[in-house]
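Take a look at the letters that make up each chain.
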Amino acid sequence: MQIDVYDTYVTTTANKRLHFDVFLPTGKPEETAQQHASEWLKSIGIEAANIKQESCRYCHSESANPKVKDHIQQHGYYIFQMEGCPSPAR
């Protein structure tokens, strides 16, 4: 499965910066990545009113590993947590 990677940065109202990637099946519009980023943030207790979305931009495409592929098939997207995220699930 080919996926598109969207590099995403947000800053919370508590001035905490989060950096994560949103992985989507290739060909989905950028708005879909932004929507899934907001859904994920809400799932970890960060509401849209509590963030400033600095970016959610297409970065590159790549082949998904089996874990990512399975997650995307079940949920439509995968979040690759990096800097400032609660507990990176890789």
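Data block above holds the structure.
Residues numbered from 1 in each chain as written. Predicted model: local features only at pLDDT ≥ 70, side-chain atom pairs only at ≥ 80, totals over all residues. Heavy atoms only, no water.

So, on to the nonpolar core. Of all hydrophobic cores here, the largest spans 16 residues; its most connected members are F20, V22, W40 and L41. Elements that contribute at least two residues to this core include exactly β1 (2-12), β2 (17-25), α1 (30-43) and β3 (51-63). Once residues within four sequence positions are removed from consideration, W40 is found in contact with F20, Y77, I79, Q81, C85 and P86. In terms of nonpolar packing, the next biggest core, distinct from the first, is built from seven residues, I3, V5, I72 and Y78 among them. (Core = buried A, V, L, I, M, F, W, Y, C linked by side-chain atoms within 4.5 Å. Buried < 20%, exposed > 50% of the residue type's maximum accessible area, 1.4 Å probe, protein only. Helix = DSSP H or I, 4+ residues; strand = E, 2+ residues; numbered from the N terminus. Contact = heavy atoms within 4.5 Å.)

If you check the start of helix α2 (residues 66-75), you find a side-chain oxygen 3.0 Å away from the backbone N of K67, and it comes from N65. Count one or two residues on from α2 and you reach G76, which has phi positive near 90°. (Polar contact = N/O pair within 3.5 Å; in protein donor to acceptor, adjacent residues only side chain to side chain.)

Okay, the environment of E47 next. For E47, the position within the fold is in the loop between α1 and β3. Sequence separation between E47 and T12 is 35 residues; the distance between their C-alpha atoms is 9.1 Å.

The end-to-end C-alpha separation of α1 is 20 Å, in line with the 20 Å expected for 14 residues at 1.5 Å each. Here α1 has its buried residues at T32, A33, H36, A37, W40 and L41. Looking at the residues trailing α1, positive phi occurs at G45, about 90°. (Expected span 1.5 Å × (residues − 1).)

Inspection of the secondary structure assignment puts T8 in strand β1. Using a relative accessible area of 0% as the deciding quantity, one classes T8 as buried. A polar atom in the side chain of T8 sits 3.2 Å from the backbone oxygen of Y6.

Turning our eyes to something else, we now look at the state of the cysteines. Here the structure, examined in full by the defined rule, presents zero disulfides. The thiol of C56 is not disulfide-bonded; the next cysteine sulfur, from C59, is found 11 Å away. Classification of C56 by relative accessible area gives buried; the value is 3%. Left unpaired, C85 is separated from the closest cysteine sulfur, that of C56, by 13 Å. (Disulfide = S-S within 2.5 Å.)

Right, let's talk about the packing of aromatic side chains for a bit. As enumerated under the stated definition, the model contains four aromatic pairs in all. Aromatic side chains F23 and F80 sit 6.0 Å apart centroid to centroid with 10° between the ring planes, which places their arrangement in the stacked category. Note that F23 is positioned in strand β2 and F80 in strand β4 (residues 78-81), a separation of 57 residues in sequence. Cluster of aromatic residues (ring-pair linked, three or more members): F23, Y78 and F80. (Phe/Tyr/Trp six-rings, centres within 6.5 Å; stacked < 30°, edge-to-face > 60°.)

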